[in-house]
Amino acid sequence: MMFVALAIVLRIGWQTPGAAVETARPEPQEFMNIDKYEIYIHPHFDTETVDLKVHAAAHLLKKSNEFAIHYTGSNPLTLTIDGKAAATTRDGDVLRARLPAAIDAGAAFVYDAEYSGKPGRGLSFRNAGGPPDGKAHKVLFTDGWPDWARSWLPGVDHPLRRAAVALVVDGSVTKAGMRVVTNGKFKETRADGSLVFEEPVEIPTYLIALAIGEYACIDRAAASPNAPEGDLNYFVYPWNYEKAKREFAEIDSILHFYEKTLAPFPYPKLSYVQVPTRFGGIENAACIFIDEKIDLGVPNAGIHAHELAHQWFGDSIGIADWSDVWLSEGFASYFEAVYNNKTETELARRMGEMQDTLLALPMTKEKPIVGPIPEKLDELLNAMSYQKGACVLHALRKFAGEEAFWKGIHRHIQTNGGRAIRTADFARAFGEGAGKDIGKFIEIWTRTKGFPVFSEPISKSNAAGKLTITIEQRQTTAVFPCAFELEIRTAGVARTKEIRFDENRAASVEFDVDHYDSIALDPRRWVLHR
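Structural notes, computed from the coordinates. Not measured: the values here are computed from a predicted model.

## Quick look at the packing of aromatic side chains
- Across all of its chains, the model carries 36 aromatic pairs by this definition.
- Where Phe265 meets Tyr267, the ring centres are 5.9 Å apart and the plane angle is 65°; that geometry is what we call edge-to-face.
- Aromatic pair Phe484 and Phe501: ring centres 6.4 Å apart, planes at 25°, arrangement stacked. Of this pair, Phe484 sits in strand β27 (residues 482-490) while Phe501 sits in strand β28 (residues 493-501); the two residues are 17 residues apart in sequence, bridging distant segments of the chain.

## Thoughts on the pattern of salt bridges
- If you walk through the whole model with that rule in mind, you get 34 salt bridges.
- Ionic pairing is found between Arg422 and Asp324, a salt bridge with its closest N-O pair at 2.3 Å. Residue Arg422 is located in the loop between β24 (420-421) and α9 (423-434), and its partner Asp324 is located in the loop between β23 (318-319) and α4 (326-340); the two are separated by 98 residues in the primary sequence.
- Among the residues examined, Arg422 registers a relative accessible area of 33% and is labelled partly exposed.
- Residue class for Asp324 comes out buried when judged on its relative accessible area of 0%.
- One connected set of salt bridges, linked through shared partners, spans Glu344, Lys398, Glu485, Glu498, Arg500, Asp502 and Arg524.

## Description of the sheet that holds strand β6 (residues 78-81)
- Pairing within the open sheet is mixed, and its 8 strands lie in the order β7-β6-β10-β4-β3-β13-β16-β15. Strand pairing shows two members of the sheet lacking a second neighbour, β7 (84-85) and β15 (185-189), which therefore form its edges.
- Alignment of strand β13 (residues 163-169) against strand β16 (residues 195-203), held across 6 bridges, turns out to be antiparallel. Across the sheet, the residue bridging to Val169 is Leu195, located in β16.

## A few points about the environment of Lys398
- Relative to the elements of secondary structure, Lys398 occurs in helix α7 (residues 384-400).
- Between the alpha carbons of Lys398 and Ile444 there is a distance of 16 Å; along the sequence they are 46 residues apart.
- Excluding anything up to four places from it in sequence, Lys398 contacts Ala483, Phe484, Glu485, Glu498 and Trp526.
- Within the structure, the side chain of Lys398 is placed 2.7 Å from the side chain of Glu485, a separation counted as a polar contact.

## What to know about helix α10 (residues 439-447)
- Every buried residue of α10 is listed here: Phe441, Ile442, Ile444, Trp445 and Thr446.
- Close packing links the buried residues of α10 with α4, α7, α9 and β27.

## Description of the pairing of strand β3 (residues 32-44)
- With 12 bridges joining them, β3 and strand β4 (residues 49-60) adopt antiparallel strand pairing. Following the sheet pairing, Lys36 is matched in β4 by Ala57.
- Hairpin connection between β3 and β4: a loop of 4 residues separates the two successive antiparallel strands, and Glu48 in this loop has a positive phi of roughly 55°.
- Note that β3 and β13 share 6 bridges and pair parallel.

## A closer look at the pairing of strand β22 (residues 287-291)
- Of all 5 residues in β22, 5 are buried; the element is thus mostly enclosed.
- Residues of β22 alternate between two faces, with Cys287, Phe289 and Asp291 on one and Ile288 and Ile290 on the opposite face, all of them buried.
- Two strands pair when backbone bridges link them, and strand β20 (residues 270-275) and β22 are joined in this way by 5 bridges, in the parallel orientation. Note that in β22 the partner of Val273 across the bridge is Phe289.
- The sheet contact formed by strand β21 (residues 281-282) and β22 spans 2 bridges and is antiparallel. When the sheet's bridge partners are listed, Ile282 is paired in β22 with Phe289.

## Overview of the packing of helix α2 (residues 241-261) against helix α3 (residues 301-310)
- Interaxial distance between α2 and α3 falls to 10 Å at its minimum, and their mutual angle equals 40°. When the interaxial angle is binned, α2 and α3 end up oblique. The interaxial crossing formed by α2 with α3 has right-handed handedness. Between α2 and α3, the contacting residues are Glu247, Glu250, Ile251, Ile254, Leu255 and Tyr258 on the first element and Ala301, His304, Ala305, Leu308 and Ala309 on the second.
- Residue composition of the contact of α2 with α3, by class: 8 nonpolar, 1 polar and 2 charged.

## Points about the nonpolar core
- Membership of the largest hydrophobic core comes to 170 residues, with the highest contact counts inside it found for Met32, Tyr37, Tyr111 and Phe335.
- Considering each element in turn, this core owes the most residues, 10 residues, to α7.
- Those residues in contact with Met32 that lie beyond four places of it in its chain are Ala58, His59, Leu60, Leu61, Phe67, Ala68, Ile69, Phe109, Tyr111, Val156 and Arg161.

## Details of the packing of α7 against helix α8 (residues 402-416)
- Closest axis-to-axis distance for the α7/α8 pair is 6 Å, and the angle between their directions is 125°. Classified by the angle their axes make, α7 and α8 are oblique. For the crossing formed where α7 meets α8, the hand is right-handed. Counting all contacts with α7, which are made through Leu393, Leu396, Arg397 and Ala400, the residues of α8 involved are Glu402, Ala404, Phe405 and Trp406.
- Grouping the constituent residues of the contact of α7 with α8 by class yields 6 nonpolar, no polar and 2 charged.

About the criteria used
Residues numbered from 1 in each chain as written. Predicted model: local features only at pLDDT ≥ 70, side-chain atom pairs only at ≥ 80, totals over all residues. Heavy atoms only, no water. Phe/Tyr/Trp six-rings, centres within 6.5 Å; stacked < 30°, edge-to-face > 60°. Helix = DSSP H or I, 4+ residues; strand = E, 2+ residues; numbered from the N terminus. Salt bridge = Lys/Arg side-chain N within 4 Å of Asp/Glu carboxyl O. Buried < 20%, exposed > 50% of the residue type's maximum accessible area, 1.4 Å probe, protein only. Pairing = 2+ DSSP bridges. Contact = heavy atoms within 4.5 Å. Polar contact = N/O pair within 3.5 Å; in protein donor to acceptor, adjacent residues only side chain to side chain. Axes fitted to C-alpha atoms, helices over the stretch in contact; angles between N-to-C directions. Parallel < 35°, antiparallel > 145°, perpendicular 65-115°, else oblique. Left-handed = near helix turned anticlockwise from the far one by under 90°. Nonpolar A, V, L, I, M, F, W, Y, C, P; charged D, E, K, R; others polar. Core = buried A, V, L, I, M, F, W, Y, C linked by side-chain atoms within 4.5 Å.

Here you go:
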């Protein structure tokens, strides 16, 4: 995604009567998993309220006599477990209910939850911006990142837990001339007129997408405002239709590039939707939201390339916890750069810009990429997750070698697609594909503060007329594994050799000359360094 979100993670402690110390209550994701959500929603645009029902198939991960889900909405919730009414107590962001008896690990059960009223901040009614008629054109859309889904959806709201999703929308919206866009493909219209959309690929709750509004549709096959939903569609406000047609060609081009470079698209369909979001773009699985304030009349390849890259990195390959968010944002930032800078020279320039940005930030010396999870999750959307994450991938590309890098990326996608992973899982899969152990490289670059600081080159000529150049890493932290070119010029002739750091602080390279007139460290900007 682009821009910044705001959310707070609450970790609740409780006191058992008679206990001497306070212990942490487990979060729902620690002992429970949802297999599938069926979410029925009846929106009332006149009052900006909803009637919502959730039917969820779940199972326990360990034996427990407690049921727990995330829910922060203000509307009273009616809850049943396996058809029996359950009384709940609130524990911070969590609703808890005692079960009549303990349920074994793996045991399946069903819960139903429903409420009516104004939804929480993760499901918003807003007026669409810019209508030429000056009238209010309302849009209803989800806004789940990072843990806002729990404000409207009673479920397990954590990136580790993924579920299939069916969204059922009351048929009154189509009678009002509105379109419904979600993650899943349209399945059927029920006898009561409600519309059913199915997403069989399991996704976390923060990536569940729903947008309802007066949309015009552009599809890949036919640029018609009344085109049915196909495999690639762009849903925009009708007054932006002509601009969006020009924009749409670029999206199709990016998708083709990624499918050729990375892997086939991981979902049955893809929709783009214009909404009044707080971000520039949100990478909802198979249903990307684009901010209505973005001018569709100018090139927006950066945003589109970033959000589309997320479909593989961040969505299909998810994160097991928020500390690993670079696996989403860093990857999207790097492949955005790869798409928009296809030559080596262009990519070197772009990565150099990222490196210069990082070197100017105190944060780069103070924070690792993977570290403690802050109380405010929006603080994770920073230069460490985005730019430094991208720089780590670029450095890895040189360190592993071009062919090995792409083999590693492809194995990562094949092995980890459809899963929520940690950084070590990426390193393991990449290493298997590349045929090289990169565990130490990833460990140091993601968990160590700062970057390599190189000494001035130390040169020494020998009797055979050869020149040895030695460079040392002078930072006080660990040695950063890396490789880059060392270029010297003698009498106007450029000579280049690769210099490589694995474990030793000093590395040397030899040239068939006895001196140089000028020297350049890493002229192609492979490595973040000073």
